[in-house]
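# Structural description and commentary
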Amino acid sequence: MRSVLPILTVVMAILALWYGAAVMLNRQWTLDQAARAGQDLTIAQIVADTMAQDRPKLPAPHQVGAELWNTTGAMVLEGRAFTRRSLIWHGWVTLSATLVGFGIGTGLGILLAVGIVHNRAMDMSVMPWAIASQTIPILAIAPMIIVVLNSVGISGLLPKAIISAYLSFFPVVVGMVAGLRSPDRMQLDLLRTYSASPSQAFWKLRWPSSMPYLFTSLKVGMAASLVGAIVGELPTGAVRGLGARLLAGSYYGQTVQIWSALFAAAILAATLVGIIGLIQRITLKRMGMAR
Amino acid sequence: MAGPVARPGKGTIVKSAVIKADHLDLVFQTNDGPVHALSDVSLSIEKGEFVSFIGPSGCGKTTFLRCVAALEHPTGGSLSVNGMTPDAARQARSYGYVFQAAGLYPWRTIAKNIKLPLEIMGFPRAEQEERVARVLELVDLKGFGNKYPWQLSGGMQQRASIARALAFDADILLMDEPFGALDEIVRDHLNEQLLALWARTGKTCLFVTHSIPEAVYLSTRIVVMSPRPGRITDVIESPLPKDRPLDIRDTAQFLEVAHRVREGLRAGHAYDD
Ligand SMILES: Nc1ncnc2c1ncn2[C@@H]1O[C@H](COP(=O)(O)OP(=O)(O)OP(=O)(O)O)[C@@H](O)[C@H]1O
Ligand SMILES: [Mg+2]
């Protein structure tokens, strides 16, 4: 409860800054319009107008809020939650690609980490490639993946999921290699005194030791997956998904739509990461590792 | 086995050595050149003995124990454990190893931690429970089986790790400074308990320590070592009776043995400059 006040203060400060910035950025357009019409505006009129423009440079918070409500809650009330005008539908399109990509990326990341930890050749060869893969800008590689897969008849969810996986496997590899290597020499020696097999050492020591690392990587990987799915939606001709909303918004100068899509993406990311955090808490508690 | 260990001779039974090291050598190849961790170490330990290893840091105490446990392999000489090679002895579950840190898994309860070697060695489930209950009682931790390690004090954690080493009935106990990280009062208490445990189980104990009183209080024999190269400089038989209350440490006999150990350590150091 004590944390509510500081959080509220920060939120208020951000909103105040935002309104201030909206007035500053949108003022010029208001003044230009007034000059053209030969009107003289009072300060109050200027401020009011900067917050009610159709295509503001920076929409005010309440405009974004209203747009978000109109494209989600209001649509649900009308029973049109899964139509093209609904952000819920676009969000779901992005979410499904994100989750599939996250699943593939996590699985691949864990497998690679297990290989790296147990096999010297993989240790030497995989990591440099994994690092190199992340230095290529995803914006450059995403259209290629989409085009190549399209040419072999694969379109829709899978290409986006692959871009998601491409971004999300990396934090999982890095985190899991660190996690699987976290047991110290003494703990590994103890298992050697029992003549434990490598697979026993893995399941009894390495895997449980890596759990805190796994969840941290999953959070990073989930956020990366969402970015991947959104980026994957940009070159598809902007028809479906949050990425499509972003792109369509910028085609037509619909800043309010862009910002509401951005917020929808942020809320989605926060929710997904929050869910992983919850699973982490429950798992570590059940393992007796949370105090 | 009160008094000095019986020497072979008329009327004494010659026991077979549980651990027999013959001119043992171990050289680590490091980036700064070879390190002579063990040099010409010959030692024979009989069943039921409690042998302490004492000496300055780097004299090879840990290395010797690790050789017995087949965690290191000597570069020269021969070493047998229970009449087998160290590797075969490990397969035969001849020893339990206690490290300086308890090293309990934080995600397992105490009982489950003790079960770890039993699971790995494939003991039947019912027998696992039975053994856990037995060793918990042996180290005075009855009723703590369902606690997690962080809920126990350092001394209790170390007792749990000893229980873990005892769980599979190895007849040799290798302990590398098991109480090194604990305070003096807890250490006294654990020493007393360890001695009682040794008397009850008749295990052969190899015990590394930096403390002269600890070595004298616990041991039937004290091996004094010296570094660069790591070697044995003195072996002292303890004349103390097997039954040793804590206040035996104030007797003249005890102080006399402690004095001899100190002399041995000093002699070893004379090689230093
Ligand atoms: N794996 C290793 N590689 C290289 N050198 C080693 C290795 N293990 C031990 N040594 C060296 O061998 C020598 C003996 O080490 P050891 O750990 O046996 O000493 P110790 O008597 O147990 O010392 P301490 O009282 O500090 O525990 C030291 O000089 C140490 O640096
Ligand atoms: Mg040591």
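No experiment lies behind these values; they were computed from the predicted model shown.

Let's shift gears to the sheet that holds strand β8 (residues 221-226) of chain B. Residues and elements named next belong to chain B. Read across the open sheet, the 6 strands follow the order β5-β6-β7-β3-β8-β9; overall the sheet is mixed. Only two strands of the sheet have a single neighbouring strand rather than two, namely β5 (95-98) and β9 (231-237). Each neighbouring strand pair of the sheet contributes to a mean axis angle of 15°, computed without reference to strand direction. Alignment of strand β3 (residues 50-54) against β8, held across 4 bridges, turns out to be parallel. From the neighbouring strand, Ser 52 faces β8, where its bridge partner is Ile 222.

Let us look at the interface of chain A and chain B. Quite often, the size of an interface is put as the accessible area lost when its parts meet. With 22 residues of chain A in contact, the opposing surface of chain B contributes 25 residues. Together chain A and chain B conceal approximately 2,200 Å² of surface at their shared face, both sides included; 62% is due to carbon and sulfur atoms. At the surface where chain A touches chain B, the tally comes to 2 salt bridges. Note that Asp 189 of chain A is salt-bridged to Arg 66 of chain B, the shortest N-O span being 2.7 Å. Where chain A meets chain B, there are 6 residue pairs in polar contact (both at pLDDT 80 or more). Among the secondary structure elements, those contributing two or more residues to the side of chain A that touches chain B are α9 (185-193) and α10 (198-209) of chain A. The element contributing the most residues to the side of chain A that touches chain B is α9 of chain A, with 8 residues.

Let us look at the site of ligand 1. The immediate surroundings of ligand 1 are formed by 14 residues, with Ser 57, Lys 61, Thr 62, Thr 63 and His 210 of chain B found nearest. Proximal residues around ligand 1 fall on chains A and B, making this an inter-chain site. Between Thr 63 of chain B and ligand 1, the recorded distance is 2.4 Å, taken from a side-chain N or O atom to an oxygen atom. When ligand 1 is considered free in solution it has 630 Å² of accessible area, and contact with the protein chains removes 66% of it. Examining the composition of the shell around ligand 1, we find that 3 residues originate from one element, helix α1 (residues 61-68) of chain B, more than from any other. Residues belonging to the shell around ligand 1 are distributed by class as follows: 4 nonpolar, 7 polar and 3 charged.

Time to look at the domain arrangement of chain A. Residues and elements named next belong to chain A. By domain assignment, chain A separates into domain 1 (4-58) and domain 2 (87-286). For domain 1 versus domain 2, the separation of C-alpha centres amounts to 39 Å. At the junction of the two partners, domain 1 supplies 6 residues and domain 2 supplies 7 residues. With both sides pooled, the region where domain 1 packs onto domain 2 buries about 480 Å², and carbon together with sulfur makes up 56% of that total. For the interface between domain 1 and domain 2, the tally reads 0 salt bridges. Where domain 1 packs against domain 2, one counts 2 residue pairs in polar contact (both at pLDDT 80 or more). Of the residues that constitute the side of domain 1 that touches domain 2, the class distribution is 3 nonpolar, no polar and 3 charged.

It is worth spelling out the nonpolar core at this point. Counting 133 residues, the largest nonpolar core has Phe 53, Phe 64 and Leu 206 of chain B as its most contacted members. Grouped together as the second largest cluster of nonpolar side chains are 11 residues, Ile 138, Ala 142, Ile 145 and Leu 167 of chain A included.

Criteria and thresholds
- Residues numbered from 1 in each chain as written.
- Chains lettered and ligands numbered in written order.
- Predicted model: local features only at pLDDT ≥ 70, side-chain atom pairs only at ≥ 80, totals over all residues.
- Heavy atoms only, no water.
- Pairing = 2+ DSSP bridges.
- Helix = DSSP H or I, 4+ residues; strand = E, 2+ residues; numbered from the N terminus.
- Axes fitted to C-alpha atoms, helices over the stretch in contact; angles between N-to-C directions.
- Contact = heavy atoms within 4.5 Å.
- Buried area = accessible area lost by both parts, 1.4 Å probe.
- Salt bridge = Lys/Arg side-chain N within 4 Å of Asp/Glu carboxyl O.
- Polar contact = N/O pair within 3.5 Å; in protein donor to acceptor, adjacent residues only side chain to side chain.
- Near = heavy atom within 4 Å.
- Areas by Shrake-Rupley, 256 points an atom, 1.4 Å probe, with all protein chains shown as cover.
- Nonpolar A, V, L, I, M, F, W, Y, C, P; charged D, E, K, R; others polar.
- Domains from an automatic or database assignment.
- Core = buried A, V, L, I, M, F, W, Y, C linked by side-chain atoms within 4.5 Å.
- Buried < 20%, exposed > 50% of the residue type's maximum accessible area, 1.4 Å probe, protein only.

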